[in-house]
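Listed below are the residues making up each chain.
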Amino acid sequence: MSIKDVLTEDMKRALKEGEKEKLSVIRMARAAILNEEKDRLHELDDSEVIEVLSREVKKLRENKEEYERLNRPDVAAQLEREIDILLSYLPQQLTEEEIEEIARQVIYEIGANSIKDMGRVMTAIMPKVKGRADGRVVNQIVKKLLG
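No experiment lies behind these values; they were computed from the predicted model shown. (Residues numbered from 1 in each chain as written. Predicted model: local features only at pLDDT ≥ 70, side-chain atom pairs only at ≥ 80, totals over all residues. Heavy atoms only, no water.)

Engineer: Would you take a moment to explain the nonpolar core for this structure?
Structural biologist: The nonpolar side chains of a soluble globular protein tend to be buried with one another. Membership of the largest hydrophobic core comes to 23 residues, with the highest contact counts inside it found for Ile3, Leu7, Ile33, Val49, Leu53, Leu86 and Tyr89. Ranked by size, the runner-up nonpolar core spans 17 residues in total, among them Leu94, Ile107, Met118 and Leu146. (Core = buried A, V, L, I, M, F, W, Y, C linked by side-chain atoms within 4.5 Å. Buried < 20%, exposed > 50% of the residue type's maximum accessible area, 1.4 Å probe, protein only.)

Written out as structure tokens, the structure reads:
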């Protein structure tokens, strides 16, 4: 069953059970997927759906940080719940330790030894963690290892 099919089934279930928050998040995700399909002029496969959902999670995280900065914990908590719902449709997220291990391996493979090699390392590492790690976290870990 594809991710899109799972979203559709979960949307139906949320509608029947009156889970308004989950229903809202799933509808938002499906709308983002539909918009992407219209832009690309083809039906998205699971890897492309993961890209779209990852992008939506990133937007929600940025919004959450902004609301935390504005001292609005109520809205930030709501956004955190929405992030958790979307993450349930993505592959298991890597821990920081796992990301660090992958980063060390990539740094060794390409022979990076200074922060000047950051771009090459990021280019090599991102396909390996695609959909399973936040790019900012990966960036911070690589900076720490190269710095």
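Engineer: What's the story with helix H5 (residues 96-110) in this structure? I'm lost.
Structural biologist: Given 3.6 residues per turn, any residue in an α-helix points the same way as the ones three and four places further on. With 15 residues, H5 extends 21 Å from end C-alpha to end C-alpha; this agrees with the ideal 21 Å at 1.5 Å per step. Residues of H5 that are buried include every one of Ile99, Glu100, Ile102, Ala103, Val106 and Ile107, and no others. On an axial view of H5, the arc spanned by its buried residues comes to 165°, and they lie on one face. Along H5, the residues that are exposed and aim more than 90 degrees away from the buried face are Glu97, Glu101 and Tyr108. Taken together, the buried residues of H5 touch helix H6 (118-129) and helix H7 (135-146). Note on H5: the residue one or two positions beyond its end, glycine 111, has a positive phi of about 70°. (Helix = DSSP H or I, 4+ residues; strand = E, 2+ residues; numbered from the N terminus. Expected span 1.5 Å × (residues − 1). Arc of directions from axis to C-beta. Contact = heavy atoms within 4.5 Å.)

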